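Observations on chain architecture
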Amino acid sequence: MNQSTSTVINTILTVALRNLLAHRRRTFLTIGAIAVGLASLIFLWGFNEGLHRNMLGNFQDAIIGSIQIHHQGFFQHPELSKAIANPQKVVEALRQADVSRYSMRLESFGLAASDITTQGVMLIGMDPLREGEVTQLGKRIGIGRFLAPEDEYTLILGATTANNLQVKLGDEVIIIGYDRFGAMLAESFTLIGIITSGEMGLDKGMAITTLATLQEMVDMTDRITTVVISSEEKRVPSLTAELEAALQGDELEVMPWYSMFPVMKEWVTLHNGFLYLFLGVVLFIVLAGELNTMLISMLERTREFGVLMAIGTTGYQIAGILLVEAVVIGIVGILSGILLGYVIVLFSSNYGIDLSILLGSTSRFYVDPLIYPHLKLDHLGITSGVILIASIFAGLYPAWRASMLQPVEAIRNG
Amino acid sequence: MGNNQDSSIIYLRGLHKCYWVGTMPFPALHGLDLDIAPGEFAVVAGRSGSGKSTLLNIVGALESADSGRVEVLGQDILGMNSEQRTRFRLHNIGFVFQAYNLIRVFTARENVAYVCQLQGKSRKESMEIANHWLHEVEIGHLGYRRPDQLSGGQQQRVAVARALASNPKLILADEPTANLDSMTGRHLIRLMHELNHRFGTTFLISSHDPDVKQAAGRLIKLADGQIVESWEEVPEPPQSLSASCPANHLPLGERVRNYIKTRKQSRARKRRGGNQRRS
Ligand SMILES: Nc1ncnc2c1ncn2[C@@H]1O[C@H](COP(=O)(O)OP(=O)(O)OP(=O)(O)O)[C@@H](O)[C@H]1O
Ligand SMILES: [Mg+2]
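Where an unreviewed UniProt entry is consulted, chain B appears under the name ABC transporter ATP-binding protein, with the organism given as Candidatus Thiodiazotropha taylori. Quoted verbatim from the Sequence similarities (unreviewed entry) field of the UniProt record, the comment on chain B reads "Belongs to the ABC transporter superfamily. Macrolide exporter (TC 3.A.1.122) family."

In the annotation of an unreviewed UniProt entry, chain A is listed under the name ABC transporter permease and assigned to Candidatus Thiodiazotropha taylori. Turning to chain A, the UniProt annotation filed under Sequence similarities (unreviewed entry) states: "Belongs to the ABC-4 integral membrane protein family. LolC/E subfamily." Annotation of chain A in UniProt includes, under Subcellular location (unreviewed entry), the sentence "Cell membrane".

Listed below in structure tokens is the structure:
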């Protein structure tokens, strides 16, 4: 029984494969259409992923890092009274989680004043030695230089703020702040660097000095409000959970970048949504194309199927022939599509895709002009799987119709 | 099941079949009774539209009837579902069609082997059976050609080999010579007749070809879905003068010459076949 079943299956497979080979041009055109459709999807996914990685990476690198830890409620209402009570405990938790790339900050609201005018700013005290571990802010200083460890009362402003204040390098800027009890303080700073990123969020509203200077100014030696952590994108959710667990009951908030700036995450989701839409369109084209091929192939062979049924082939076996053909076309199309797409992504990720031709300036969206596509396995899997399912569906209808043929009519009319 | 049914390979009683196109009835068979005994070489003749194909299709479990009894090989085929009919056809009936109808993408050998494989025989065994039957229909040397590389007569021989390969009790052939020139058709009919004699396979052939009617062991004439005449020849032993040379209208001298020619051919064939197997 088993032996004979496999003989029958082999025979059905042979009929199907011979038919595919007998109509080489049609078969390969259909396979080619699937391959090109899939390859373009793979490339788009790769490009999209490369763009997102670049954008999110730049966004986090700019100033916020991957995860921040503050006292509960500090992110919503930054006040010096909400300093982290026990920074040592946070450092210990980070050591436990095997995180080495972190930096401490002291952050507060303040005013920057020149002779001309005053601007509201976020005062940030950064550790010049450790900041490079978590952000690339130093690279965005277009004029002047970044903070040095020995600096005292030096200041970095964004280009817009500096412009509004009409100050230039070496000029004096007065910073007005409040201590943790709400008492007003003022100090004189020297402007040493100007951020020229083109990004509104960076070029406006920040005044950056060394951690030690700000701690001294507000009389909070060794106190901090913020721990900034840099992590691999993949690890962010699990690391967040891990740190939350470790710091439970300490009145701290552990915030991944996407909790602080959900818009960025939503933008990525929206962008991926467009790709799913595109996947749907390609899917429809593949389905329609293969369905068309299979229907033509089925109608062409109506008489032959009638004869096969007359001499003892069952409807299921006839359906099997067409399904095998559809699935073989699908699988070969998918394999060549993956190969083609992979080669394109590999090639373009080596050289990068220059967006500046297309967009002029891209820096506004934290995007570098050169994008390096990156292929994610789950995207590849979803896309290939969905196209495989589409090719099965493309075979189902013709297979069902063929299996319903009446031999006498099929032979007469076929 | 009665005794008379047991001795018949085909047993039809009161067979009615009417086609409907919309509300228009097209009567095809009209109370038809027929018994065919095992080993008969029966030809159904009749004008176009007289119901020949319909009769063969019903006997071949390809179509249903409106009323009546149809027993083929003692089995009530009207009571079978479509799956059972397919199985029944596969194991009991060989078909030869008017338009050859071979699988285009298969070689002659694979076409013949196909039914054996469907029956569950191994590929190797099926191919051996196919070779055997291709030799029997005298085209053993063409086994590796595809249908489009064969003449009409050769294709029809492949079809006959395919019909025999499943080892059926009954072969149904609907106008098997209609697409062939008369010479080729005559050869084909002679071949089928010979196979009928040698293997005892029952043949039911529809045709309006006079050559086919000549060869008939029994001629069933249909008109308007009814049998109007059923003439029967006494079955004769194989290789006899009259059986091997059915052209009864020819003068005796010519019949003898033809007979001797056939004997020679068949001897030559056997020798050829033997040589091929050896080489
Ligand atoms: N599918 C069908 N639909 C309608 N009428 C049909 C159908 N098949 C057969 N008929 C009718 O049934 C009758 C018998 O047809 P059948 O095909 O059996 O005749 P036939 O003797 O085989 O004719 P021919 O020698 O032309 O092949 C005819 O009147 C024909 O018109
Ligand atoms: Mg007919």
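**Some thoughts on the overall build of chain A**
Within chain A one finds 15 helices and 12 strands. Counting only C-alpha atoms, chain A reaches 100 × 50 × 30 Å along its principal axes. With 414 residues in all, chain A has 51% of them scored as buried. Long-range pairs, those at least 24 residues apart, make up 77% of the contacts in chain A with a sequence separation of at least 6. About 19600 Å² of surface is accessible on chain A, with carbon and sulfur atoms providing 61% of the total. Of note, chain A has its 27 positive side-chain charges centred 15 Å away from the centre of its 38 negative side-chain charges.

**Topic: the interface of chain A and chain B**
Tallying the contact residues gives 27 residues for chain A and 26 residues for chain B. Between chain A and chain B, the buried area comes to about 2300 Å², and carbon and sulfur atoms account for 63% of it. Three residues, Arg18, Ile311 and Val408 of chain A, lead the burial of chain A against chain B; their summed loss comes to 25% of the area buried on that side. Where chain A meets chain B, there are 2 salt bridges. The residue Arg104 of chain B makes a salt bridge to Glu304 of chain A at a minimum N-O spacing of 3.4 Å.

**Concerning the side chain of Thr302 of chain A**
Residue and element names in this part refer to chain A. If you trace the backbone, Thr302 turns up in helix H11 (residues 302-310). At a separation of 2.8 Å, a polar atom in the side chain of Thr302 contacts the main-chain carbonyl oxygen of Leu299. When near neighbours in sequence (up to four residues on either side) are disregarded, Thr302 contacts Leu405, Ala410 and Gly414.

**Some words on empty space enclosed by the protein**
Rolling a probe over the atoms, with the probe sized like a water molecule, indicates the empty space that remains. Residues and elements named next belong to chain A. One pass over the structure, following the stated rule, counts 3 cavities of 30 Å³ or more. If you add up the space inside the second largest cavity, you get close to 80 Å³. Residue lining of the second largest cavity: Asn19, Leu20, His23, Arg26, Thr27, Thr293, Met294, Ser297, Arg301, Glu325 and Ile329, and that is the complete set. Taken together, the elements giving at least two residues each to the lining of the second largest cavity come down to helix H1 (2-22), helix H2 (24-64), helix H10 (262-300) and helix H12 (315-351). No other element matches H10, which puts 3 residues into the lining of the second largest cavity. Partitioned by chemical class, the residues of the lining of the second largest cavity number 3 nonpolar, 5 polar and 3 charged.

**Considering the site of ligand 1**
Near ligand 1 lie 15 residues; those nearest to it are Ser48, Gly49, Lys52, Ser53 and Thr54 of chain B. Residues within reach of ligand 1 are spread across chains A and B. Interatomic distance of 2.8 Å between a backbone N/O atom of Gly49 of chain B and an oxygen atom of ligand 1. Take Glu175 of chain B: an N or O atom from its side chain is 3.2 Å from an oxygen atom of ligand 1. Within the complex, the protein chains bury 72% of what would otherwise be the 630 Å² of accessible surface of ligand 1. Of all the secondary structure elements, the ones that give two or more residues to the shell around ligand 1 are strand E1 (10-21), strand E2 (24-36) and helix H2 (52-59) of chain B. When the residues that make up the shell around ligand 1 are grouped by side-chain class, the tally is 4 nonpolar, 7 polar and 4 charged.

**A look at the nonpolar core**
Ranked by size, the top nonpolar core spans 115 residues in total, and within it Phe305 of chain A together with Leu12, Leu15, Leu55, Met192, Leu204 and Ile205 of chain B carry the most contacts. It is H12 of chain A that provides the largest number of residues to this core, a total of 8 residues. For Met192 of chain B, the contacting residues outside a window of four places in its chain are Phe41, Val160, Ala173, Pro176, Phe203 and Ile205 of chain B.

**Examining the domain arrangement of chain A**
Each assigned domain of chain A is listed with its residue range as follows: domain 1 (3-60 + 264-413) and domain 2 (67-230). Here the C-alpha centroids of domain 1 of chain A and domain 2 of chain A sit 53 Å apart.

**Description of a nonpolar patch on the surface**
Residues and elements named next belong to chain A. The grouping of Ile389, Ile392, Phe393 and Leu396 at the surface amounts to a nonpolar patch, some 360 Å² of accessible area in total. Relative to the helices and strands, Phe393 is located in helix H14 (residues 377-403). Owing to a relative accessible area of 53%, Phe393 belongs among the exposed residues under this scheme.

What counts as what
Residues numbered from 1 in each chain as written. Chains lettered and ligands numbered in written order. Predicted model: local features only at pLDDT ≥ 70, side-chain atom pairs only at ≥ 80, totals over all residues. Heavy atoms only, no water. UniProt positions renumbered as here; feature names shortened; annotations may be inferred. Helix = DSSP H or I, 4+ residues; strand = E, 2+ residues; numbered from the N terminus. Buried < 20%, exposed > 50% of the residue type's maximum accessible area, 1.4 Å probe, protein only. Contact = heavy atoms within 4.5 Å. Areas by Shrake-Rupley, 256 points an atom, 1.4 Å probe, with all protein chains shown as cover. Lys, Arg positive; Asp, Glu negative; His and termini not counted. Charge placed at Lys NZ, Arg CZ, Asp CG, Glu CD. Buried area = accessible area lost by both parts, 1.4 Å probe. Salt bridge = Lys/Arg side-chain N within 4 Å of Asp/Glu carboxyl O. Polar contact = N/O pair within 3.5 Å; in protein donor to acceptor, adjacent residues only side chain to side chain. 1 Å grid on protein atoms, 1.4 Å probe; cavity = no way out; pocket = protein on both sides within 12 Å on 5 of 7 lines; lining within 4 Å. Points joined across faces, edges and corners; volume = space filled by probe spheres on them. Nonpolar A, V, L, I, M, F, W, Y, C, P; charged D, E, K, R; others polar. Near = heavy atom within 4 Å. Core = buried A, V, L, I, M, F, W, Y, C linked by side-chain atoms within 4.5 Å. Domains from an automatic or database assignment. Patch = residues over 30% accessible without salt bridge, like charges linked within 9 Å, V, L, I, M, F, W, Y side chains within 5 Å.

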